[in-house]
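# Report on the structure
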Amino acid sequence: MVIISPSLLSCDFAKMGEEVKRMEDAGAQWMHIDVMDGHFVPNITIGAPVVKSLKKEMNSVADVHLMISDPLKYAEDFAKAGADFITFHVESDSDPVETINKIRELGCKPSISIKPKTPAETIFPYLEMVDMVLVMTVEPGFGGQSFMADMMPKVKTIREECERRGLHDMYIEVDGGIDTNTISVAAEAGANAFVSGSAIFKAPDAKVIISELKEKASV
Ligand code: DX5
Ligand code: ZN
């Protein structure tokens, strides 16, 4: 199944609750929530209290993307706030195995992410332990950047490795610059969960663009 996860980073922060509803009514199954600490990335966004308030209004899956230096320290706050998936970066300061175990113990689905310069093989040791791999298709930190098509071989490599190991249910998510043009190549490479911020929130009709994204990702 094709999953569309609108990145709330591109929504009107004064209307977040309404924007979540609007995205759900338009057919989005997940909501992507970008958490940035001004340290791992040069930007600061939102924290666990915001996720907690949003979650009360949400019917979709809370897809929390931690772009923070110490995910091990903060995983509990986000789990308690209602996160479903918790994605952290292999490039962070936290030990990956400890962080994955912690997220799992907290009752959430662990997901590991790689930045554009990090090779696919870096996350191979953790594949059996996670429910999702997030391949960044822009440098993390900001919405509205251009899709890096040269990340597609990494998506392909990870999908092939998952298949080889029998991990057929793995979600491979791509994040950054996904629109109705770029989503097809990402799907062909093996991605099945798609974060899209500016393309969705800029579109005049969310339902139309989300349907189009789903259709173009169905390979
Ligand atoms: C970037 C974030 C993305 C971003 C995607 O650091 O992780 O989720 O909001 O936005 P677009 O789709 O505009 O590239
Ligand atoms: Zn993100």
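See the structure printed just above.
Residues numbered from 1 in each chain as written. Chains lettered and ligands numbered in written order. Predicted model: local features only at pLDDT ≥ 70, side-chain atom pairs only at ≥ 80, totals over all residues. Heavy atoms only, no water.

### As for the coordination of the zinc ion (ligand 2)
Stated formally: Listed donors are limited to N, O and S atoms within 2.8 Å of the metal, widened to 3.2 Å for Na, K and Ca; water is not among them, so incomplete-looking sites are possible. Geometry is assigned from the angles between donors: four donors with all angles from 85 to 135 degrees make a tetrahedral site, four or six donors whose opposite pairs exceed 155 degrees while the rest stay between 65 and 115 make square planar or octahedral sites respectively, and everything else is labelled irregular. Segments assigned H or I by DSSP are reported as helices when at least four residues long, segments assigned E as strands when at least two residues long, and all are numbered from the N terminus. Only protein chains enter the accessibility calculation, which uses a 1.4 Å probe. A residue is then buried if its area is under 20% of the maximum for its type, exposed if over 50%, and partly exposed in between.
Donor atoms from the polypeptide that coordinate the zinc ion (ligand 2) comprise His 32 (NE2), Asp 34 (OD), His 65 (ND1) and Asp 175 (OD), at 2.1 to 2.3 Å from the metal. Each of the six donor atoms around the zinc ion (ligand 2) contributes to a set of angles spanning 70 to 170°, which defines the coordination as octahedral. Sequence spacing of the donor residues for the zinc ion (ligand 2), all on one chain, is H-x1-D-x30-H-x109-D. Highlighted residues: His 65 in strand 3 (residues 61-67) and Asp 175 in strand 7 (residues 171-175), separated in sequence by 110 residues. By relative accessible area, His 65 is classed as buried at 0%. When its relative accessible area of 8% is taken as the criterion, Asp 175 is described as buried.

### Thoughts on the pairing of strand 6 (residues 132-136)
Across a regular strand the side chains alternate sides, sitting on one face of the sheet and then on the other. Cut-off, in case you're wondering: Two strands are said to pair when DSSP picks up at least two bridges between them.
Here strand 6 lies mainly inside the structure; five of its five residues are buried. Going residue by residue along strand 6, you find Met 132, Leu 134 and Met 136 tucked away on one face and Val 133 and Val 135 tucked away on the opposite face as well. Sheet analysis places strand 5 (residues 109-114) next to strand 6, joined by four bridges and oriented parallel. Directly across from Ser 113, in strand 6, lies its bridge partner Leu 134.

### A word on the pattern of salt bridges
Just so we agree on the cut-off: One side-chain nitrogen of Lys or Arg within 4 Å of one carboxyl oxygen of Asp or Glu is enough to make a salt bridge.
Per the stated rule, a full pass over the model turns up 13 salt bridges. With its nearest N and O atoms 2.8 Å apart, the salt bridge here joins Lys 55 to Asp 84. Of the two residues, Lys 55 sits in helix 2 (residues 48-57) while Asp 84 sits in the loop between helix 3 (71-81) and strand 4 (85-89), which places them 29 residues apart along the sequence. A salt bridge links Glu 161 to Arg 164; its shortest N-O distance comes to 2.8 Å. Of this pair, Glu 161 and Arg 164 both sit in helix 5 (residues 152-164), three residues apart, which is roughly one turn of the helix.

### Quick look at the nonpolar core
Note the cut-off: For our purposes a nonpolar core is just a set of buried Ala, Val, Leu, Ile, Met, Phe, Trp, Tyr and Cys residues, chained together by side-chain atoms within 4.5 Å. Only heavy atoms matter for contacts: two residues are in contact if any of them lie within 4.5 Å across the pair.
If you look at the biggest cluster of nonpolar residues, it comprises 67 residues, and the most contacted ones within it are Leu 8, Phe 78, Ile 123, Leu 127, Val 133, Ile 158 and Phe 194. Considering every element that reaches this core, the biggest residue donor is helix 8 (residues 206-217), with five residues. Ignoring sequence-local partners within four residues, the contact set of Leu 127 consists of Val 133, Ile 158, Glu 161, Cys 162, Arg 165, Leu 167 and Met 170. Counting residues in each nonpolar core, the second largest holds five residues, with Ile 3, Trp 30, Phe 85 and Met 132 among its members.

### Thoughts on helix 2
How we decide: This arc is built from the directions going out from the helix axis to the C-beta atoms.
All buried positions along helix 2 are accounted for by Ala 48, Val 51 and Leu 54. In a view along the axis of helix 2, the buried residues occupy a sector of 120°, so they form one face of it. Away from its buried face, by an angle of more than 90 degrees, helix 2 presents the exposed residues Pro 49 and Lys 56. Where helix 2 is buried, its residues meet helix 1 (16-25), strand 2 (30-36), strand 3 and helix 3.

### Details of helix 1
What helix 1 keeps buried is the set Met 16, Glu 19, Val 20, Met 23 and Glu 24. Projected down its long axis, helix 1 carries its buried residues within an arc of 135°, all on one side. Relative to its buried face, helix 1 has exposed residues pointing more than 90 degrees away, namely Glu 18 and Asp 25. Structurally, helix 1 contributes buried residues whose contacts are with strand 1 (3-6), strand 2, helix 2, helix 7 (198-202) and helix 8. Just beyond helix 1, the residue with positive phi is Gly 27, at close to 110°.

### Considering the packing of helix 1 against helix 2
Heads up, the rule is: Note on definitions: angles span 0 to 180 degrees between N-to-C directions of axes, and those axes are lines fitted to C-alpha atoms, for helices only across the stretch in contact. When describing relative orientation, an angle under 35 degrees is termed roughly parallel and one over 145 degrees roughly antiparallel, while 65 to 115 degrees is termed roughly perpendicular and anything else oblique. For a crossing to be left-handed, the near helix must be turned anticlockwise from the far one by less than a right angle; the clockwise case is right-handed. As a working rule, the residues Ala, Val, Leu, Ile, Met, Phe, Trp, Tyr, Cys and Pro are called nonpolar, Asp, Glu, Lys and Arg charged, and the rest polar, with Gly in that last group.
Direction vectors running N to C along helix 1 and helix 2 enclose 45°, while the axes themselves pass 10 Å from each other. The pairing of helix 1 with helix 2 is recorded here as oblique in orientation. The way helix 1 lies across helix 2 gives a crossing that is right-handed. Residue-level contacts link Met 16, Gly 17, Val 20, Lys 21 and Glu 24 of helix 1 to Val 50, Leu 54 and Glu 57 of helix 2. Partitioning the contact of helix 1 with helix 2 into residue classes produces four nonpolar, one polar and three charged.

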